[in-house]
Each structure stands twice: as structure tokens, then as C-alpha cells.
Amino acid sequence: MNIGRVLLVCNPSQPAAEQTARRLADFLHTRGVGSHILTDYKTIPQHPADLCVSLGGDGTTLRCARQTAAQGMNVLAVNCGSLGFLSACEADEAEECLRQILQGHYEVSRRILLSCDIVRQGKPMLQKQLAFNDCVIKTNQPRAFTLQARCNGRELKRFYGDGVIVSTPAGSTAYALAAGGPIVEPDLQVLLLTPICPHSLTQRPLLLQADARLEFTPLFKNDAETAVVSLDGQESFELHAGDRVAVRRSPYWAQLICGGRFDFFGRLRRKLEWGER
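Here the residue numbers are simple positions, counted from 1 along each chain's written sequence. Where totals are concerned, whole chains, interfaces and linings use all residues; where local detail is concerned, this predicted model gives features only for residues with pLDDT of at least 70, and gives and counts side-chain atom pairs only at 80 or more. The basis for every side-chain value is the complete set of heavy atoms in the structure, and neither hydrogens nor water enter the calculation.

Trainee: Mind showing me how you'd approach the overall build of the chain here?
Mentor: Secondary structure elements follow DSSP: runs of H or I of four or more residues count as helices, runs of E of two or more count as strands, with numbering from the N terminus. For the chain, the count of helices and strands is five helices and 17 strands. C-alpha extents for the chain along the principal axes are approximately 65 × 45 × 30 Å. A burial count over the chain gives 50% of its 277 residues as buried. Element-wise, carbon and sulfur atoms account for 47% of the exposed surface of the chain, whose accessible area totals about 13,300 Å². Of the charged side chains in the chain, 31 are positive and 28 negative, and the gap between their average positions amounts to 5 Å. We call a residue buried when its accessible area falls under 20% of the maximum for its residue type, exposed when it is over 50%, and partly exposed in between, using a 1.4 Å probe and counting protein chains only. Each accessible area is a Shrake-Rupley result for a 1.4 Å probe, and residues are judged covered by the shown protein chains and nothing else. All tallies of charge rest on Lys and Arg as positive and Asp and Glu as negative; His and the ends of each chain are not included. A charged residue contributes its charge at one atom only: NZ of Lys, CZ of Arg, CG of Asp or CD of Glu.

Given below as C-alpha cells:
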């Protein structure tokens, strides 16, 4: 991979992010690589760059991955936040990580993205919105509601509870994990469907083929009830009676790069204390 220009995307709420970005810009300059520092991380313009460096927490990485996916750009996640589960390195390791990448010692992990559409009264209200981790459909009221689900045009079931989580394998360690879903290796080609607080002893998480076409329709008891669609916990859209939500695999991929080799299970042990007694 030939790297001539790097986009450094900072989370403005993390003081260490911009400091690290300026340090990395100087580091890249000494190696003849141009860079651009972007401090408004919510909207990433179509910058001509060969690599995007996300400086913040996992939320910053999610934004960068979604907004650069159509360009096929690799994203290097540098943790300047707290957990940093998606990060390739910590802030004080960023220069060494970049050095390895520039020398050709790197690995790219391609992650499935979700694409979400909302149809209201037969007309598209929202089209092809991307999610890295998950698309969550939840009630807006403090009570259970019914959600009709279809898979590939056939009725799947009716969920009764607080809602459902449709997640990618990468998203299995996010909200779906807290809702009792399984941990899924990020390279597997599957989608995960996890009920949220189901009012049933028989509803369990479900693994589906990655190309499954899912549709959800909320069935409210009255027109005053509403639900919400949340993408990666960052973009939210209200649902009314009769609305239909279509979720499927996006044609785009998120591409996370790291210096050296990617170790998913090591990350589970370090970041989530997986396997600790």
C-alpha cells in the first residue's frame, strides 16, 4: 500500500486527540508523507487520502469507518478515550504503529457493514444509512411492544419486548453482548439478531446468513406510540405505526488496519477481561 497522504480525524472532546494528531503529523512530515488534521469529526468530507487515522474512542472509530467505507479507505484506530476496543494502538504507541504500516508490516481486517432503509406510507423516508456495529429498534415508551420480523420475504416471528438488535459480527461485542448475545469472530459472514428484554422464556439470539434481508414493522396498540431506530448509538430516527425498517448487508466494507497482526482474542482478554475468574 502506497501512502502519500493521511487524514487525521480527532474527537474534539478528547484533549489528547488533537495533541496526538499534531505529533503524528510531524512524524509523517519527516517521512515525506502529507497529512490533514480534521477536528470536526462528525462530517468527514471526501478528502483525497490513502489512510484515515481515527483519534478518540470507539465512537470516533465508528464514525470514521462508516464515512470512509465508500472510498475503500483503511482506518487506523488510535485510542485516546477509555475502552478503545476497536483501537489498533494506544496514543503513546501511535508513531510505532504508523512506522510499521509505512514499512509494509500491517494487517487489514474487513468488517461487514449494515445498510438501513425506512419506508413510511410506501415512500422511502431514509435510505442506505450505514451501521458498523448495529441497527437497534427500541420502544420509546417504558413498556413492551410488538415487532413483526420478516427474513427474505418470509415471516420470521413477532418479538414482544423492548425491541431487537441487528448486529454485525463486529457489533457482537457491543450492545448485543450486554443483551445476552454471543461473541462472534469479526471475520465471520453472519448477522446476529438479539431480542432486547423479551417477555418470553423462549426467545434467544439468532445467527443468520450475512446476505439475509430483514424487515421489521412495529405493531403499536395506538397511534400515539412510537419506536426508534438507532444506528451505532449515534444516529436515531423515530418510527410511527405502519413504518417499515429494512436491514441488510451493505455492499461496502469497513477496513480496519493495524501494525503487525490483528489479535481478536487477545483484545477480548485485555479490553473486556474475557475468561477472567
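Read on, since the account is not over.
Trainee: Explain the confidence of the model for the chain here, please?
Mentor: Detailed reading of the predicted coordinates is not advisable wherever pLDDT is low. The pLDDT averaged across the chain works out to 93; a share of 100% of its residues lies at or above 70. Across the chain, element-level confidence peaks in strand E11 (residues 163-167) with a mean pLDDT of 98 and bottoms out in helix H5 (residues 264-272) with 89. Confidence scores labelled pLDDT are given residue by residue by the predictor and lie between 0 and 100.

Trainee: Please clarify how the pairing of strand E16 (residues 235-239) should be interpreted in this entry.
Mentor: The two faces of a sheet get side chains in turn, since along a regular strand they alternate between them. By this definition, two strands are paired if DSSP reports at least two bridges between them. In the sheet, strand E15 (residues 227-231) pairs with E16 via five bridges, with the strands oriented antiparallel. By the bridge assignment, Val 229 is partnered in E16 with Phe 237.

Trainee: Can you help me understand the sheet that holds strand E12 (residues 190-196) in this one?
Mentor: Two pairing modes exist for strands in a sheet, parallel and antiparallel, and in both the strands are linked by backbone hydrogen bonds. Spatially, E13-E12-E11-E8-E15-E16 is the arrangement adopted by the six strands of the open sheet, whose pairing is antiparallel. Edge positions in the sheet fall to strand E13 (206-209) and E16, since each of these pairs with one other strand and no more. The mean inter-strand angle of the sheet, taken between neighbouring strand axes irrespective of direction, is 20°. Angles here are taken between N-to-C directions and fall from 0 to 180 degrees, while the axes themselves are lines fitted to C-alpha atoms, restricted in helices to the stretch in contact.

Trainee: How do you make sense of the nonpolar core when you look at a structure like this?
Mentor: Formed by 28 residues in total, the largest nonpolar core has its most connected members in Ile 137, Phe 216, Val 229, Val 245 and Val 247. When residues in this core are grouped by element, the largest group, four residues, is from strand E9 (residues 145-151). In this view, Val 247 contacts Leu 114, Ser 115, Cys 135, Val 166, Ala 212, Arg 213, Leu 214 and Phe 216; residues no more than four positions away in its chain are not counted. Here the nonpolar core consists of buried residues drawn from Ala, Val, Leu, Ile, Met, Phe, Trp, Tyr and Cys, with membership extended through side-chain atoms lying within 4.5 Å. Throughout, a contact is declared for two residues whenever any of their heavy atoms are within 4.5 Å.

Trainee: Explain the pattern of salt bridges here, please?
Mentor: Pairing between side chains of opposite charge can happen when their charged atoms approach one another. The salt bridge criterion pairs a side-chain nitrogen of Lys or Arg with a carboxyl oxygen of Asp or Glu, the two atoms within 4 Å. This model, assessed by the stated rule, comprises nine salt bridges. In this structure, the salt-bridge partner of Glu 18 is Arg 22, at a minimum N-O distance of 2.6 Å. Here the residue Glu 18 and the residue Arg 22 both occupy positions in helix H1 (residues 15-30), the gap between them amounting to four residues, near one helical turn. Across the salt bridge formed by Glu 107 and Arg 261, the nearest N and O atoms sit 3.7 Å from each other. A residue pair is termed long-range when its members are at least 10 positions apart, and Glu 107 in strand E6 (residues 106-120) and Arg 261 in the loop between strand E17 (244-259) and H5 qualify at 154 residues.

Trainee: Looking at this structure, how should I read the packing of aromatic side chains?
Mentor: Working definition: an aromatic ring pair is given by the centre-to-centre distance plus the angle between the planes. Only the six-membered ring of Trp is used, alongside the rings of Phe and Tyr, when aromatic pairs are assigned; centres must lie within 6.5 Å, and planes under 30 degrees apart are stacked while those over 60 apart are edge-to-face, with the rest tilted. Taken as a whole, this structure holds three aromatic pairs when the rule is applied. On the basis of an interplanar angle of 65° and a centroid distance of 5.4 Å, the ring pair of Phe 264 and Phe 265 is categorised as edge-to-face. A relative accessible area of 36% places Phe 265 in the partly exposed class. Aromatic rings pair up to connect Phe 264, Phe 265 and Trp 274 into one cluster. Look at NZ for Lys and CZ for Arg. If either is within 6 Å of the ring centre and within 35 degrees of the ring normal, a charge sits over the ring. The ring of Trp 253 is capped by Arg 110, whose NZ or CZ atom sits 4.2 Å from the centre of that ring. Between Lys 157 and the ring centre of Phe 159, over which it is positioned, the NZ or CZ distance is 4.6 Å.

Trainee: I tried to follow unusual backbone geometry on my own but got confused; where do I start?
Mentor: Note: most residues except glycine have negative phi, and most peptide bonds are trans. Notably, Cys 197 is not glycine yet its phi reads approximately 45°, a positive angle. Within the secondary structure, Cys 197 sits in the loop between E12 and E13. The class for Cys 197 is exposed, based on a relative accessible area of 54%. Within the chain, Glu 273 stands out as a residue other than glycine whose phi angle is a positive 55°. Within the fold, Glu 273 resides in the segment after H5.

Trainee: What am I meant to see in the packing of H1 against helix H3 (residues 94-102) here?
Mentor: Between two packed helices, both the angle of their axes relative to each other and the distance between the axes serve to describe the pair. Closest axis-to-axis distance for the H1/H3 pair is 10 Å, and the angle between their directions is 35°. H1 and H3 meet at a crossing whose hand is right-handed. For the pair formed by H1 and H3, the contact residues are Thr 20, Arg 23, Leu 24, Phe 27 and Leu 28 on the first element and Ala 94, Glu 95, Leu 98, Arg 99 and Leu 102 on the second. Of the residues belonging to the contact of H1 with H3, the class tally is six nonpolar, one polar and three charged. Handedness of each helix crossing follows the sense of rotation of the near helix against the far helix: counterclockwise by less than a right angle gives left-handed, clockwise gives right-handed. Think of it as three bins: nonpolar holds Ala, Val, Leu, Ile, Met, Phe, Trp, Tyr, Cys and Pro, charged holds Asp, Glu, Lys and Arg, and polar takes everything else, Gly as well.

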